[in-house]
Every structure is written in structure tokens, then in C-alpha cells.
Amino acid sequence: MSTIERVELAMVDLVPRVRRTDAIQSFVSQETPLVRLFDSDGLEGVGYSYTIGAGGSSVMALLLDHLAPQLPGRDPAHIESIWRDLKFSTNATTVGVITALALAAIDTALWDLKCRRAGLPLHVVAGGAKDRVGLYTTEGGWLHLEQDTLVEDALAAQAAGFGGAKIKVGKPGAAQDVERIMALRDAVGPAWELMVDANQAFTVDEAIRRARCFEPANLAWLEEPLPADDLSGHVRLSGATTVPIATGESIYSIGHFREFMQRGACSVVQVDVARVGGITPWLKVAHTAESFNLPVCPHFLMELHVSLVCAVPNGRWLEYIPQLDEITQQPLQIDNGQALAPREPGLGIAWDWEQIKRRRINAHTAVIGQGG
Ligand code: MG
């Protein structure tokens, strides 16, 4: 048995190259907590998590003060046991995204180490359903963009082989949203997929009204139409429109996902590996979705989700929003609009440690365990 000997903590801020806005917020910076584990066999595992600009320091404080000190001496192969112990040790702060984000940084590091020990890539260790998946782009669909720009970007994505594009909705008037959606549909033709995302902006009645207005566009889905915790609202909406309802990026536990699926509250499950607490719970949600015959189309984090979507049989789409390019040596591999699961052992993310060292925030850099 090997044991964890050292835990290194760091956080870097990554500013998006394009302005990202939706109906309720702006994505100003990806705070990226990083956890690097070293075990007694000389193996290492690297995990990470993210925020979109607030809460990163709280995640790092949870890691430093409470979670990471529990790791030295533990067998890194016992991931379920470690995850549960860490969760129970912070139980009074769950269910909640800050704790889930901190757990995810550790859990993904444990999975990285497990895969490297096996000499296999994550998409194989976690299931091995396929080695590539279709991409849709969100990076050209932000709410502040003019209609012409939306259309231009969607056409460029279509020409590059992407399978679809998602735009933000939630303009003050329903007619404005409809005009933008129909302009896109006219431009890309009937067969290419279009998705829309309201980022929880609507009331139930407004969501039903807009969804019915959107129906002629034959959308792949309407994402986060309602506040994420409004289960009965999602049930009502799903029964009132033919547009598939997608949600999950703001759901933080496997039990809440089960409730949504069991009640028929959504048609597309968008579980986010960081916000749900790591790969361990992510896979449970994906398998539960399979049992309900629902597809999994995870939110953001394409560099990690590519392997998870390829691991499970019901992974349908990967969301294209590039974010790690500044701290990795190789971007996501794309072949004719399809994302390729990395073949290297582990998560398959080639971290650039020189860049990370240069950009890490000193207040959140720490070493725990031997050499610390
Ligand atoms: Mg979304």
C-alpha cells in the first residue's frame, strides 16, 4: 500500500480572452485552485477546481485549514473512503458549492494518481465508452454580443465541424430573444443544433412563455430557465413545452440530481465535475442519468469533462469554452469538430508548472506533509 506523503496547494487566476456575459452575471476570471499529491511510491496526482471570479480564496481556506491536512498517511487508492471522510468532516458546510469545489480539487487529484498508477487514461479507467465526442460552442454566444456577431461565430463553428452552438437568452423582451434565435436558425439551417441558456433568469410563467416562443427553432435544449433549486417549477415547465429542459451546473449533490430526474424535471443532465465535488460523484450522477435514459452534457471544464463524457455511454455533447491554455502545454485536441479524449495516463492535462509557479497567488500557496 502506498500513502500520501505531501500535498501542494496553489491557485492561479485565469482571465478569459473574450468577454463573457449572461442574464445574471459576468465571468470575470477563472480562479483555479490546484491540488498536487505525492505518494510514497513516487507517484503524483494533480487535481483542480474553479470559480468564475468569486469564492476562490474560501475554497483555498477550506483546503488548507480543514481538508488537505487529513490526506497525509492515507492510501490514495481508497478514493470513496477519503471522499466520505472529507465530506463528513465538513458536513455542516454541505450541500454547498464552496465545499464541493474544495472536495473536487482533491478528488480529481486522487483520480489522476489512480489512472497514472494504472498507466491508463481517465476515459478508460472511468468506463471506456468511446474516445471522442461532439463539440458545441458557447464562446460566441454571450448575451452582450450583437446578432450579426452571433451569426458570424455560429457559421464559423459550423464550418469548423462543430455540431452546434449555444447562445445566452434573457434579453428584457421575449421578442428580442426570439429574433436572435431565429436569425441563427435561418443562418445555420435546420439540421445543426442550437442550444439556449437563461442562467436561471426567469419565473416559471415567463419560462413557459419564452419556451413556447422558442419551439419553432427546434432547439436541442433550454438551459437553466429557472432558479436551480426550483424543482417543482422545472417539473411544471418540462410538462408545458416541447423544448428539452437542461439543468445541473448549479446542483451540488447526487441526491438533488436524483430528485430532478425522478420527477421528470429535466431532459438533459449538466453535472459539473467541480461543482458536484469531483469525479467520484460525477460518475454516480452520470450513471443515474443513464438509468433514466437521459443524456449527460456537462457544464464548462472541457479539458477534464472530455474524458468523463467519453467514459460513459450517455455522454452526448462537450461544451467548448477554452480556459486552461495559459497554464497547459497542449490544448484540447479537436478533430473535425470532435473532441478527442486524451490518451496519456491520468487526466491527460499537460500542466505547465513554470507558468503555474509564475502566476500562482502567494497567499494561497502551501505545502502540507513531508517537505512542508
Ligand atoms: Mg449554463
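Worth saying up front: this structure is predicted, and the values here are computed from it rather than measured.

**Description of the overall build of the chain**
When helices and strands are tallied, the chain shows twelve helices and 13 strands. For a compact globule of 372 residues, the expected C-alpha radius of gyration is about 21 Å, and the chain comes in at 20 Å, within 12% of that figure. Considering only C-alpha atoms, the chain reaches an extent of 60 × 40 × 40 Å along its principal axes. Counting only residues that meet the buried cut, the chain has 56% of its 372 residues in that class. Within the chain, contacts between residues separated by at least 24 positions form 73% of all contacts whose residues are at least 6 apart in sequence. Here the chain displays about 14500 Å² of accessible surface, and carbon together with sulfur accounts for 49% of that area. The positive charge centre, built from 32 side chains, and the negative charge centre, built from 44, are 2 Å apart in the chain.

**Looking at the packing of aromatic side chains**
A full pass over the atoms with the stated rule returns six aromatic pairs. Ring centres 6.3 Å apart and planes at 85° place the aromatic pair Tyr136 and Trp317 in the edge-to-face group. In this pair, Tyr136 sits in strand β4 (residues 132-137) while Trp317 sits in strand β10 (residues 317-320), placing the two residues 181 residues apart along the sequence. Among the residues examined, Tyr136 registers a relative accessible area of 0% and is labelled buried.

**Considerations on the coordination of the magnesium ion**
Every protein donor of the magnesium ion is listed here as Asp197 (OD), Glu223 (OE) and Glu249 (OE), and their distances to the metal cover 2.0 to 2.2 Å. When the donor residues of the magnesium ion are listed from N- to C-terminus, their spacing reads D-x25-E-x25-E. You can see Asp197 sitting in strand β6 (residues 193-197) and its partner Glu223 sitting in strand β7 (residues 221-223), a full 26 residues away along the chain. The pair formed by Asp197 and Glu223 is uniform in burial state, with each residue classed as buried.

**Some details on the domain arrangement of the chain**
Domain assignment breaks the chain into domain 1 (4-119 + 352-369) and domain 2 (123-340). Counting residues at the interface gives 38 residues for domain 1, matched by 40 residues for domain 2. Taken together, the two surfaces of domain 1 and domain 2 that pack against each other cover about 3300 Å², and 63% of this comes from carbon and sulfur. Sorting the residues of domain 1 by area buried against domain 2 places Arg20, Tyr48 and Tyr50 first, and these three jointly supply 19% of that buried surface. Across the contact surface, domain 1 and domain 2 share four salt bridges. Note that Arg20 is salt-bridged to Glu139, the shortest N-O span being 2.9 Å. Taken together, the links from domain 1 to domain 2 amount to 17 residue pairs in polar contact (both at pLDDT 80 or more). The leading source of residues in the side of domain 1 that touches domain 2 is helix α3 (residues 97-118), at ten residues.

**Focus: the side chain of His305**
Secondary-structure assignment places His305 in helix α11 (residues 302-311). A distance of 3.0 Å separates the side chain of His305 from the backbone nitrogen of Val273, its partner in a polar contact. Of the polar contacts made by the side chain of His305, one reaches the backbone oxygen of Phe300; its length is 2.6 Å. Not counting residues within four places of it along the chain, the set of residues in contact with His305 comprises Val271, Asp272, Val273, Trp282, Pro298, His299, Phe300 and Leu318.

**A closer look at the sheet that holds strand β13 (residues 366-369)**
The sheet built from four strands is open, its strands ordered β3-β2-β1-β13 with antiparallel pairing. The two strands at the open ends of the sheet, each matched to only one other strand, are β3 (44-48) and β13. If you compare each strand with its neighbour and ignore which way they point, the axes differ by 15° on average. Seen against the sheet, helix α1 (residues 56-67) touches β1 (4-14), β2 (30-39) and β13 and runs at an angle of roughly 175° to β1.

**Some details on helix α9 (residues 254-262)**
For α9, the complete set of buried residues consists of Phe257, Phe260 and Met261. Burial along α9 is one-sided: seen end-on, the buried residues are contained in an arc of 95°. Its buried side turned inward, α9 meets α8 (231-238), β8 (245-247), β9 (268-269) and α10 (279-291). Once α9 finishes, Gly264 follows within two positions and takes phi at roughly 70°, a positive value.

**Focus: the environment of His78**
Position of His78 relative to the elements: it lies in the loop between α1 and α2 (79-89). The class of His78 is partly exposed, set by a relative accessible area of 45%. Counting along the chain gives 234 residues from His78 to Val312, while the straight-line C-alpha distance between them is 22 Å.

**Here's the deal with α10**
In this model α10 runs 18 Å from its N-terminal to its C-terminal C-alpha over 13 residues, within 8% of the 18 Å that 1.5 Å per residue would give. The complete set of buried residues in α10 reads Ile279, Thr280, Pro281, Trp282, Leu283, Val285, Ala286 and Ala289. Buried positions along α10 lie against α2, α3, α4 (122-125), α9, β9 and α11. Backbone geometry just downstream of α10 places Asn293 in the positive-phi region, at approximately 60°.

**Here's the deal with a negative patch on the surface**
A cluster of acidic residues, Glu146, Asp148, Glu152 and Asp153, forms a negative patch at the surface. Secondary-structure assignment places Glu152 in helix α5 (residues 147-159). Judged by relative accessible area, which is 58%, Glu152 ranks as exposed.

What counts, and where the lines are drawn
- Residues numbered from 1 in each chain as written.
- Predicted model: local features only at pLDDT ≥ 70, side-chain atom pairs only at ≥ 80, totals over all residues.
- Heavy atoms only, no water.
- Helix = DSSP H or I, 4+ residues; strand = E, 2+ residues; numbered from the N terminus.
- Rg over C-alpha atoms; globule rule 2.2 N^0.38 Å.
- Buried < 20%, exposed > 50% of the residue type's maximum accessible area, 1.4 Å probe, protein only.
- Contact = heavy atoms within 4.5 Å.
- Areas by Shrake-Rupley, 256 points an atom, 1.4 Å probe, with all protein chains shown as cover.
- Lys, Arg positive; Asp, Glu negative; His and termini not counted.
- Charge placed at Lys NZ, Arg CZ, Asp CG, Glu CD.
- Phe/Tyr/Trp six-rings, centres within 6.5 Å; stacked < 30°, edge-to-face > 60°.
- Donors = N, O, S within 2.8 Å, 3.2 Å for Na, K, Ca; no water.
- Domains from an automatic or database assignment.
- Buried area = accessible area lost by both parts, 1.4 Å probe.
- Salt bridge = Lys/Arg side-chain N within 4 Å of Asp/Glu carboxyl O.
- Polar contact = N/O pair within 3.5 Å; in protein donor to acceptor, adjacent residues only side chain to side chain.
- Pairing = 2+ DSSP bridges.
- Axes fitted to C-alpha atoms, helices over the stretch in contact; angles between N-to-C directions.
- Arc of directions from axis to C-beta.
- Expected span 1.5 Å × (residues − 1).
- Patch = residues over 30% accessible without salt bridge, like charges linked within 9 Å, V, L, I, M, F, W, Y side chains within 5 Å.

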